[in-house]
Amino acid sequence: MKNKQIIWLTSLMAIFCTTLIISACNKKFDEPDVFPDPNIPVTMTLKELKALLPTAGRVVAITADKVVSGIIVADDRSGNFYKSISIQDATGGISVRLDGNNLFNNYPVGRRIYIKIKGLCVGEYGGLVQLGAIDNTITTTLVQEGLPQNLFDRYIIKGSYGNVLTPKVFTSVAQLLTGLQDTVQSTLIRMDNFEFSASDTSKTYADPTLSASAVNFTIRNCTGSSITLRTSSYSTFSGVKVAKGNGSITAIYTYFNGTKQLLIRDTSDVQFTGARCGQGPTTLMNIADVRALYTASPVAIPAARRITGIVISDRGNLNTVAQNLIIQQGNGLAGIVVRCDAAHALELGDSVDVNISGSTLDLFSGTLQVSTIQTGFITKISSGKTITPRVATAAQINTNINAWESTLVNMVNVTISGGTGGTWAGSTNLTDASGTLVAFTRSGTSGAVFQLNPYPTGNVSFVQGYLGRFNTTNQLSLRTLADVGTSTGGGGGGTGISLGSTSPFLLNFNTIGSGLPLGVTVFTGATSTLFGTAGTYTSAVGLWAATGSGFKNFASATGLTATADQIAQDASTNRALGIRQTGTVGFDPGSSFVFQIANTTGKTNVQLQFLLQSLDNTIGRTATWTVDYALGDNPTAFTPATATGTLTTTGTFTNNTINVNFGGALDNKAQKVWIRVSTFSATTGSGSRPSTAIDDFRVSWN
C-alpha cells in the first residue's frame, strides 16, 4: 500500500512539473512579467507633483521623500513616443522621461508603476510638464534629462499588469485646456465624430522617408472644432494610409507652444470608419437649379442635396467676410454665396463639394446665399482651378444681375472715380461707354488689405471681380489688385513699383499669400506687341507637381531640393511667383510675368537680375523665356533685352540666375517702365509642360 502511495505521488508531481513546463513554453516572449502591486504607500498625487512646478521656464529639483504612482497609458512600442512614457492617476497625468529604448518590455501600457521621486526633477517642454532626472554634467543651472537606464530600478518599482483605464470623453476641443497645471494633459482621452480633411485622406500618418521627422495633421469634427494630430516618422505605422472616414479617436492629450496636440499609441486608436461630415447619399444639384428654388422668402433646401463649384473669392485679402465663400460652377455658369458657420480655410481656386442638406436659401442685403453651412460639410477636392471671367459692359451686367450674381465678370476700357481720397476704400465707380457699376471694397480695421491703395487714373484696360448686390445697388468686388489693369494696353495696379533711393531694389515674393505686389501682374496670350489677357493668380500655396494650369504661389527652389514634399513646400516661407503651363489657350505660348516700374528718374546703368526656376522635376517639355521692356502709359511695342543665363525651364529641377543689361535704355526715365518675362514660342518636346517660377527680382543702378 505504501508503494502505491509513493507511485501515486510521483505521478502527480510529474504531471504538475509538466504543466509548469508547458505553461512556461507557451508564455509570449514579449509579454511583461507579472508583478503584484507592492506594499508601498503612495504619498503624492500626480496633480500635486505637477504643482511643484508653478511656472513655465523652470526646472525644480524634488527634495521631499515622496512616492507617486500611476498606470502607464502610453509607451514606445509603436515608436510614436520616444524615450518617454505617460502615466495617469485619478488626479491627472504626466510625461516621464526615460533614457532608454524598448521601454514597453518593462513598462507597457496597462502596468502600474511606483516612482520614488526624491532626487528627480520636474520641468516643462513647450508647456507640457515632465518628470525626469537632473543633468549632473551641468553645474551652472538646473537642467532636466531622461532618467538613465541604469537608474530605472532605483527609482521605478513595477506593479500589476493589465490595468485598463477608460479614456475621458470630450465633445469639444475648447474643453481641452492649456494651463501648466491642467489635469487632462498627458492623460488618455477620446473625441468623437472627428475626421481627417478630404485632401489628407490619401496621405500616410507620417513620412517613412524620414525627410520630415514628424507630420502634423489637422483633424476636425462636423461643427468645425479642430485639433492637431502629430505622428512621428519613426513610428512603425508612418507608412500607413490615414483613415478616410469619421469616428472616434483615442489619444494622449499634449500641448506644445500654444498648440493643442493629440498623440496616438498606434493606428487602432483611430476608429474613423463612419460616414464623413456632410456625406452619405446625396443628389448633386446645379447651382442654377438651387437659385431657382428661391421665391420671395427664406426657402428650405431639400434633404440630401449637394453642389459643387470653384472658389472665386479670396479670403487672404479680406475683401470678403471670413464666413462667406463665393463659388461658381464653371465658366459662364451660375454661382452663389455659401455662408459658413465659422471662418473657413478655403482659397481662391479651390474646387469644393458642399453638402447643403437642411440649409436655407435667403437674402442678405439683397444677395442670395445658402446658409448656414457647417465648415465640416465642405469638402475640398483640388486646388489651382480657374474660372475665366465673363467679359461684359456695365449695361449688360445691370441687365443680367439676377443670372450673373456671384459670378466673375471682366469690364474693359473703364475709368474709375469716387472712393476715399482716390483709394479703393468704400464705393468707387467703374464707368465704360455703356454706363456705370459700383466697385465695393471693405474698409476699416477689418477691411481689405488693399483698401488704401490708390486706384489707377485715366482709361483702365480692365477691372474684374465677382458680382453681388447691396440692397438695390449692383456691385463688383475685387479679389486682389491683380484684378485691375492700368491704362489701355497695360497691366499692373496703382502707380507701379517704386524703386526707392537705395540700390538695389529687391522683390522676393515672400508675401504673395496675400496677393501680388503692387505693380506686378500676370498675363496669358502675350505677344511681342500685346500684353494679352489678364491672368488669374491663385494666392493659396501651390504644389510644384500639380498639373492644373495657372499662376501660382510656389515655394522657392532656394533652400529646398527636388525631392521636397508637399509638407516642406507648404511650410516654406521663401516663396516665388510661378506658372504651370498647360495646353490651355494662352498658356503655351503666351504666359507672361509683367513688372510695372513707376519711373527710373535719377537712376543710370539700370540692370536687372532674377532667378528663373524650374520646379517640378519630371522630364517633359522645354519652355523658352524672353525678357523685353517698354516705356510709357500705353506701350504698343516691346524691345528685347540682352539677357545672360539659362532662359529655359524643363522638367529638371533648376534655379538659374538671369542677368539683364538694358544698355542704358531704361536710364533716367520719368515715365512708366515695363519689364516682361514671357514665353512667345511653344514648348518643345513631349510630356508635361513645366512649372516655372521667378524669385528675387532685383533692380540695381548707379
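Note that the coordinates shown come from a computational prediction; the quantities given were computed from them, not determined experimentally. (Residues numbered from 1 in each chain as written. Predicted model: local features only at pLDDT ≥ 70, side-chain atom pairs only at ≥ 80, totals over all residues. Heavy atoms only, no water.)

## Overview of the overall build of the chain
Put simply, the rule reads: Numbering goes from the N terminus for both helices and strands, where a helix is a DSSP run of H or I of at least four residues and a strand is a run of E of at least two. Buried means the residue's accessible area, taken with a 1.4 Å probe over protein chains only, is under 20% of the maximum for its type, while exposed means over 50%, and partly exposed covers the values in between. Only the protein chains shown count as cover for residues, with accessible areas throughout obtained via the Shrake-Rupley method and a probe of 1.4 Å. The convention is simple: Lys and Arg are positive, Asp and Glu are negative, and His and the chain ends are not counted. Think of each charge as sitting on NZ of Lys, CZ of Arg, CG of Asp or CD of Glu.
Counting its regular elements, the chain contains seven helices and 48 strands. Seen through its C-alpha atoms, the chain measures out along the principal axes to roughly 125 × 65 × 50 Å. Counting across all 702 residues of the chain, residues that qualify as buried make up 51%. Roughly 29700 Å² of accessible area belongs to the chain as shown, and the carbon and sulfur atoms make up 53% of that amount. Here the chain holds 48 positive side-chain charges and 40 negative ones, and the gap between their average locations is 3 Å.

## Details of the nonpolar core
One recurring pattern in soluble globular proteins is that nonpolar side chains are buried together. Put simply, the rule reads: Residues belong to a common nonpolar core when they are buried Ala, Val, Leu, Ile, Met, Phe, Trp, Tyr or Cys residues joined through side-chain atoms within 4.5 Å. The criterion used for residue contact is that any of the two residues' heavy atoms lie within 4.5 Å.
F593, F595, F610, I675 and F697 are the most contacted members of the largest nonpolar core, which has 39 residues in total. With near-sequence residues (within four places) excluded, F610 lies in contact with V627, N656, T657, I658, V660, V677, I694, D695, D696 and F697.

## Focus on the confidence of the model for the chain
Selection rule: Residue-level confidence of the predictor is summarised by pLDDT, bounded by 0 at the bottom and 100 at the top.
Here the chain averages 90 in pLDDT, and 93% of its residues register 70 or above. Long-range and interchain partners of residues 1–29, a stretch whose pLDDT sits below 50, account for two contacts in this model, where long-range means more than four residues apart. The model gives residues 487–494 a pLDDT under 50, and that stretch makes 42 contacts with residues more than four places away or in other chains.

## Section: unusual backbone geometry
Omega for the bond connecting S503 with P504 falls within 30 degrees of zero, at 0°, which places this linkage in the cis form. Residue P589 follows D588 across a cis peptide bond; omega there is -5°. Mapped onto the fold, P589 is located in the loop between strand 38 (575–580) and strand 39 (592–597). Unusually for a residue other than glycine, L210 sits at a positive phi of about 70°. As for its placement among the helices and strands, L210 is situated in the loop between strand 12 (188–196) and strand 13 (214–221).

## Structural notes on the pairing of strand 12
Put simply, the test is: Following DSSP output, two strands are said to pair if at least two bridges run between them.
Pairing of strand 11 (residues 168–170) with strand 12 involves three bridges; the strand directions are parallel. Bridge assignment links F170 to a residue of strand 12, and that residue is M191. In the sheet, strand 12 pairs with strand 15 (residues 246–256) via six bridges, with the strands oriented antiparallel. The residue of strand 15 that forms the bridge with I189 is A251. The pairing of strand 12 with strand 13 spans three bridges and is antiparallel. By the bridge assignment, F194 is partnered in strand 13 with N221.

## A look at the pattern of salt bridges
Quick note on the threshold: The salt bridge definition used is simple: a Lys or Arg side-chain nitrogen within 4 Å of an Asp or Glu carboxyl oxygen.
This structure, assessed with the given rule, holds 14 salt bridges. In this structure, E347 engages R315 in a salt bridge whose closest nitrogen and oxygen atoms are separated by 2.8 Å. Taken together, the residues E347 in the loop between strand 22 (335–340) and strand 23 (351–355) and R315 in the loop between strand 20 (305–311) and strand 21 (324–328) connect sequence positions 32 residues apart. Of the charged contacts in the structure, one is a salt bridge between R689 and D588, with a shortest N-O distance of 2.6 Å. Residue R689 is found in the loop between strand 47 (673–678) and strand 48 (691–700), and its partner D588 is found in the loop between strand 38 and strand 39; the two are separated by 101 residues along the sequence. Owing to a relative accessible area of 15%, D588 belongs among the buried residues under this scheme. By sharing partners, the salt bridges in this structure join R291, E405 and R469 into a single network.

## Thoughts on the environment of A564
For A564, the location among the structural elements is in the loop between strand 37 (550–555) and helix 7 (566–571). Owing to a relative accessible area of 16%, A564 belongs among the buried residues under this scheme. Measuring from C-alpha to C-alpha, the distance between A564 and N221 comes to 30 Å, with 343 residues separating the pair along the chain. Here A564 is in contact with W544 and Q569, once residues within four sequence places are set aside.

## Points about the environment of G79
In this structure, G79 sits in the loop between strand 2 (67–74) and strand 3 (84–89). When the C-alpha atoms of G79 and S235 are compared, they prove to be 4.2 Å apart, with 156 residues separating the residues in sequence.

## Focus on the packing of aromatic side chains
Under the convention used in this document: Each aromatic pair joins two rings of Phe, Tyr and Trp (for Trp, the six-membered one) with centres within 6.5 Å, and gets the label stacked for planes under 30 degrees apart, edge-to-face for over 60, and tilted for any other angle. Note on criteria: charge over ring means Lys NZ or Arg CZ within 6 Å of the ring centre, with the direction from the centre no more than 35 degrees off the ring normal.
Taken as a whole and judged by the stated rule, the model has 18 aromatic pairs. Ring geometry for F523 versus F531: centroids 5.6 Å apart, planes at 45°, classification tilted. Grouping residues by exposure puts F523 and F531 together as buried. One aromatic cluster in this structure is built from F196, Y205, F217, F237 and F272. The ring of W701 is capped by K603, whose NZ or CZ atom sits 5.0 Å from the centre of that ring. Above the ring of F638, the side-chain terminus of R676 is found at 3.6 Å from the ring centroid.

## Brief notes about the sheet that holds strand 47
One open sheet accounts for six strands, arranged 35-34-39-47-42-43; its pairing is antiparallel. Across the chains shown, the open sheet's two edge strands, defined by having one partner strand only, are strand 35 (533–534) and strand 43 (639–640). Taken together, the four bridges between strand 34 (residues 520–524) and strand 39 define a ladder with antiparallel strand orientation. Residue V520 lies in a different strand from strand 39, and its bridge partner there is F595.

## Comments concerning the side chain of S591
To be explicit about the condition: As used in this structure description, the phrase polar contact means that two N or O atoms lie within 3.5 Å; if the pair is within protein, one of them must be able to donate a hydrogen and the other to accept it, and residues adjacent in sequence are counted only when both atoms belong to side chains.
By the secondary structure assignment, S591 is in the loop between strand 38 and strand 39. Of the residues examined, S591 reaches a relative accessible area of 0% and is grouped as buried. Within the local environment of S591, its side chain forms a polar contact with the backbone oxygen of F587, the two atoms lying 2.7 Å apart. What S591 contacts, discounting residues up to four positions off in sequence, is F523, I579, Q581, G586, W625, V677, S678 and T679.

## Concerning the pairing of strand 6 (residues 121–125)
Pairing between strand 1 (residues 60–61) and strand 6: two bridges, direction antiparallel. Paired with V60 across the strands is V122, a residue of strand 6. Pairing geometry for strand 6 and strand 7 (residues 128–134), over five bridges, is antiparallel. Bridge pairing in strand 7 places E124 opposite V129. Adjacent in sequence and paired antiparallel, strand 6 and strand 7 are bridged by two residues, among which G126 carries a positive phi angle near 65°.

## Quick notes on the environment of I658
Checked against the element boundaries, I658 lands in strand 46 (residues 654–661). With 23 residues separating them in the primary sequence, I658 and S681 have C-alpha atoms 19 Å apart.

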